[in-house]
Every structure is written in structure tokens, then in C-alpha cells.
Amino acid sequence: MTHTETPQPAPVAPIKPHELTTNGHTRVDNYYWLNDRDDQEVIDYLNAENAYTQAALAPQKALEETLFTEMKGRIKQQDQSVPFKDGDYYYQTNFVEGGEYPIYVRKKGALTAPEELLFDCNELAKGHSYYNLGGFEISDNDELAIFCEDTVSRRMYTLRVKNLKTGEIYPEVIENVEAGDFAWATDNHTFFYVKKDVQTLLGYQVYRHELGTDPAADVLVYEEADNQFYMGLYRMKSKKYVTIVSDHNGVTTEYRLLEANNPTGTFSVFYPRERGHEYDLQHIGNKFYVRTNYQAQNYRLMEAADNLATTTDRAAWTEVIPNRDDVFLQNMDVFVNHLVMGERKDGLAKLRVINQQTQADEYLQFTDPAYVAGIGNNPDINTNVLRFGYSSMTTPSSTFDYDMDTKDMTLQKEQSVLGGFDKTNYVSERVFVPVRDGVNVPVSIVYRKGTPKDGTSPVLQYAYGSYGSNTEPGFSSNRLSLLDRGFIYAIAHIRGGQEMGRAWYDDGKLLKKQNTFNDFVDVSKWLIANQYAAPDKLFALGGSAGGLLMGAVINQAPELYRGVVAAVPFVDVVTTMLDESIPLTTGEFEEWGNPKNKEYYDYMLSYSPYDQVSAQAYPNMLVTTGLHDSQVQYWEPAKWVAKLRTLKTDTNILLLHTNMEAGHGGASGRFNALKEVAMEFAFMLNLAGKE
């Protein structure tokens, strides 16, 4: 059986017209009724789609099992992270044979000391089909840990406190918190956390809790009144301040600080929110470092005195590193003797080390044509050793220590890839593709040596292209299953990301979003024209906002693709952005626009994948979603598939797979998630005739 044949008729979703009128324009949504997960008819339809998908993919089950076994077989099951030192302890993450989840441990004083168990997530996950430990934070006296858990995949976490000396879990239970957004005061008794709105799923309140008290009596210390802002909370690296960050998606930032030794004090604004001004902070000694876009599109570095009474005067800040048109200042880390900057130039990550005393600087050197390098976990502010991570499309994830004084670089660990992997068997390239408006789009490419580039090979093209999120050319052991079967893999670093600087992001959002889709399509055409891809064997993959990309390009250029995998795709753009009760909607207005404004409504409608489905031939498609997805609601892909079924003019296969127990990230655990990857890979390999 080929993928264009199916063993049974596809499910047909009932048509129930629902009128939606905005800005004087009426749309008819025939599948609006699917947005009720409590309606048994909806559940029955999703189950019917799953049964259809299962039957349609039955011929590839053996290949799926082979792929799953391969991918699982490359993972070193009994494994450890490189320890890092924080205070008196070395912390490490372990995996055991057959374990789906990590085990967090520590050793006091030396790596030879006895191991103390912090959290065994394999034990904590028992009895749950989904489990995620959303982070933990240890008190200054090293005796207590705040931690939070999600057992639904809705990103609504439950906070608890564990005594690390006795193993006791304290009776306080705090529901609906933001993962990882908590911080201890110096008294080892008081902590702060972020509460989420149960409807929008936005963190919007910061509370103070004292151990041994009823959480119902917790003190509200800050509430974000503007639901377009996301909120974060953490303790600064210097340990002096507890910090609240309010961020208006790519537009505005505001920090509030409180000295951690004064937990009942009042948070002070570092610099008040100002539309168009984004900044972030590091504190060390008697000063703050401020990475800011004030009069600096690609950001510059400033410093300000450690005096919250004067930081609100931007004229008192001093420039350390100016804005540069060709370099994007991405992030930073601070040490007593050194300053480390994460930068991007020509689309590639750079690590720059500056001596705080002499101001001498240097860039770490990397030789792969496409790679990712990033500042690692460096909690010790006094060290002269920088921990950083590195990988490329041919080099597994690696952890390095770099002595910032002696310049010695030490590889602490390279990800183990079992099954006979040899990096010299693979080749990576980086090319710049000219697109229709004259811009050059970077593309990272990898393939196995000997794979022909004569117009006969299958190619999988991937991209994301939203939120200023960079798609890094890193390593994937799963990807080897495609490369070893003759696939070429290409990442298109299209506009909407931030690989080429802030303008790259600005040119792929709001009223310029069409650039994102044009870039992807033009890269596809280039891959065919330059004989990387066989014209009938080009595949596309994207997830979430990258699923929006998939939906747009198959409406606009469906003839280019043999098959498309759209994972948790954001495809019903206009309807979702009009519904402010849906989680995360209001915070997205600066990315997509507010469709209550007619200009944005008309523009969004012009590319919205669901609205633009038409009577034409579409590629073979596999669409995945999760019933409990908190970011892209399951009904978007469900409605999209239902509409495609009624309008498409081809006989190609169209499948919807809904994980009835998971959310946006799919299945939890090291190995369960591989089953979904195997399904997607088998789908494409079958179509390419590469079983």
C-alpha cells in the first residue's frame, strides 16, 4: 500500500456553520464547534481521526519500530551531566538504564563526596501518563528546595517544598504557578512565586510565602495589570536581588528589584516601562550591566550604579559596548574578573570574553561552517572558568570549560552517540540563498558523505521564523536516521527569527509576516534548482508557529512539496487572535497584530492557513496536536484538517494525530517522545521510497 491509498474512508466532520463578524466582514466557520474538549462529539471525532491515522500508517509500523529502536539505541541510557559548582555543592543530572526521566543529585565539597538525592523524576512520575518537573530552587542554607510539577501537560504547575536533609515534603501545596519562577529570600524561610491566570495561563501575580503558613494567607506583592505582558521572577546571580521581569513580547521590558535580605520590603522599578525600550540586567559588586536597545537596534551594553534611586535616570548610565550594525548583542554573563558577551554576526553565534581589569577582549574560535555556541550554567560569580556549550550539525552537544585567564579550553563532555556514529561520515554546509526581494537567507545543510547532490536526493527543509527565536544549526542524533537513508537536511534561517540581527526579526512580523513565507518558499526553489533536492522529494517540517509557516506555504506553493509534517500548528490565526480568553492571545498582539484593527485583520486574513484553504491540490500531510495543548489549542489543527478534507482536489493522504494525553511538547520522557518522531520520519521516508 502506498501513502496515497487509505484502507478506509476518512472521517468527515459535520458542518455546522458559525458566523464570525469583525470590522464589518463576516466569515463562516463550519467547524467552530470543535473548540469544546468537553463535548463528547468532539472527542469522538478526534478518536475517529486517530483510528484513521493508525490504519493509514499501519503499513509503516515496522519502519516506525525500526526507527524507534535506532533512535533509542543511540542514547546512552546510563548517563550523567557535567557537574557544576554552586556554593558548597556540586550538582549533577543522572539518567539510569531504562529511565524516562532525570535524577537530580549533589555532592558536598568534592566530587568524591557521597551523593545526595534531590529528585528522582522516575519515582515522581509513577502513576502519571505525563510528568514534568518544572525546576527547583535551593535555599541559601542548602537545606530546602522549592520545586514544581505538571502531570497534565497544561503548564499549570503545583509548587511544593522539600527538606533536603530529611526528605520530608512540607504540607504547603500551591496550585497554578509558573514553572521555575520562584526565589528564596536570604532568611531560608520566605520565598516568592508567580501565580498564573487559569484562563489565559499568563503569570500575572507575585506572592510572598512564609514556610509553615497557609498559602491562602500569602501576601500579594505585585500584580501585572496589563495582560499583554509576560512575567518572570528569579534571584540574580549576585544573590543580592529578587527580580520581577515584565515583558511585552518584543516591545517593552520592566524590571522590579528587592534586596533578598529584606523580603517584606517593597520592590523598586529599575527603569519604568517605555514602549519600544527593551532591556535586561546583570548585577555585580556596586553596579548593574544593562543590555538595552535604547537608541540601539542591535542592542548596546551600559552600566549603572547599584542605586535604585538613580537607575531610573537613563542619563546616568554609561556606555560599555556601543550598538553595531553588523553585530547583534544577544546575551551576557558576569564574573568578578570577566564579562562574557553572547553575540551574533552573519547569523552565527560568537562568544566574546572581556577582562574586567584590563578591558582586553577576545573571541572564542570555532571552525564548523554552521554551529551553535552558548553561555552555559555559571552560578559562581568568582570563578575564572567559563562553562559553555557547543554543537554543530555534525558535532554532538559538547560541554567546554574555558579558563578566561590562561586561555586553556577543556572539553568536559561530548554527548555520547551509540550505534557506531562517526562524525567524519557527515558533511555540513552553510549557504546564503538570494530571495525575491534581494535579501540573502542563510541556510544550514547536513548530509551523509556520498549522498548525491545531483537532483535525485530527498530533502527535509525545516524552519520556524517567529518571535525572534533563532533556529540553531545544532546536532540531532535522531536526524541520523534520515541522513543514513539518503536524506539531506536543511535549516532555513528565515526572517522572523533573529539570526541576522534585530531587523531580521522586525522584517518577519506584523505587517511584514509574508516575508517569512516567501523566504521559505524561495529557499525550497533554490534547493531544487541547485540539485540538492529531487523535485518530487522535497519535504517540509515545522511546529507551532512553524506549523503556521507550513500552513501558509502549502496554500501559496503546494506544488513544491511531496509531504509536509505540521506539528501542533498555529493555523487559525484570525479567530484565535480575536479571542482574548484563549491562553497567550493578548501577549501575541505585538507578534501578529490585533485583528480588531482592520489593517491587521485584513493582513492576517490574507495568510491565515485555515482561512486561505482553497480548492487545489495539496501535498501529503501529517498533522499532530495534543488535546491539552496550552499554546496552540487542539481545535486549530482539527478544524484545519476538516476543512482541507472538504476542499482539496488531490488524492494525497491527509492525517491528523491527536495525543489525547499530552500538550504542546508532546509526550514526556526520553523515549516516549521518540515514538512520535519515528512516526513522522517513517511518513516521510515511505513517501521518498527510502524505507
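Residues numbered from 1 in each chain as written. Predicted model: local features only at pLDDT ≥ 70, side-chain atom pairs only at ≥ 80, totals over all residues. Heavy atoms only, no water.

Asks: Can you walk me through the nonpolar core in this structure?
Replies: Nonpolar side chains in soluble globular proteins tend to be buried together. Counting residues in hydrophobic clusters, the biggest one holds 75 residues, and the most contacted among them are Ile 445, Phe 520, Leu 527, Tyr 561 and Trp 640. For Trp 640, the contacting residues outside a window of four places in its chain are Gly 551, Ile 554, Ala 566, Pro 569, Val 571, Pro 609, Tyr 610, Val 613, Met 621 and Val 623. Ala 56, Leu 63, Leu 67 and Leu 655 belong to the second-largest nonpolar core, a separate cluster that totals 38 residues. (Core = buried A, V, L, I, M, F, W, Y, C linked by side-chain atoms within 4.5 Å. Buried < 20%, exposed > 50% of the residue type's maximum accessible area, 1.4 Å probe, protein only. Contact = heavy atoms within 4.5 Å.)

Asks: Looking at this structure, how should I read the sheet that holds strand 17 (residues 252-259)?
Replies: The strands making up a sheet associate through hydrogen bonds between their backbones, and the pairing can be parallel or antiparallel. The strand order 15-16-17-18 describes an open sheet built from four strands, whose pairing is antiparallel. The open sheet terminates on both sides in strands that have one partner only, identified here as strand 15 (229-235) and strand 18 (268-269). Relative to strand 17, strand 16 (residues 241-248) runs antiparallel, the two being bridged by eight bridges. From the neighbouring strand, Ile 244 faces strand 17, where its bridge partner is Arg 256. (Pairing = 2+ DSSP bridges. Helix = DSSP H or I, 4+ residues; strand = E, 2+ residues; numbered from the N terminus.)

Asks: Help me understand the UniProt feature "domain: Peptidase S9A N-terminal" (unreviewed entry) in the protein in this model?
Replies: If you check UniProt for "domain: Peptidase S9A N-terminal" (unreviewed entry), the listed places come out as residues 16-414 in our numbering. Between the first and last C-alpha atoms of residues 16-414 the distance is 55 Å; the span itself is 9% helix and 46% strand. (UniProt positions renumbered as here; feature names shortened; annotations may be inferred.)

Asks: So what exactly am I meant to see when it comes to the packing of helix 2 (residues 61-74) against helix 12 (residues 672-688) here?
Replies: The axes of two packed helices give the description: the angle between them and the distance between them. The geometry of helix 2 relative to helix 12 is characterised by a closest axis approach of 8 Å and an angle of 125° between their N-to-C directions. Considered as vectors, helix 2 and helix 12 are oriented oblique to each other. Like other packed secondary-structure pairs, helix 2 and helix 12 cross with a definite hand, here right-handed. Contacts between helix 2 and helix 12 involve Leu 63, Glu 64, Leu 67, Phe 68, Met 71 and Lys 72 from the former and Leu 674, Lys 675, Val 677, Ala 678, Met 679, Phe 681, Ala 682 and Leu 685 from the latter. Considering only residue class, the contact of helix 2 with helix 12 consists of 11 nonpolar, no polar and three charged. (Axes fitted to C-alpha atoms, helices over the stretch in contact; angles between N-to-C directions. Parallel < 35°, antiparallel > 145°, perpendicular 65-115°, else oblique. Left-handed = near helix turned anticlockwise from the far one by under 90°. Nonpolar A, V, L, I, M, F, W, Y, C, P; charged D, E, K, R; others polar.)

Asks: Sorry if this is basic, but what is going on with the side chain of His 248 here?
Replies: Relative to the helices and strands, His 248 resides in strand 16. Here His 248 falls in the buried class, since its relative accessible area comes to 6%. When neighbours within four sequence positions are excluded, His 248 is seen to be in contact with Gln 228, Phe 229, Arg 275 and Glu 590.

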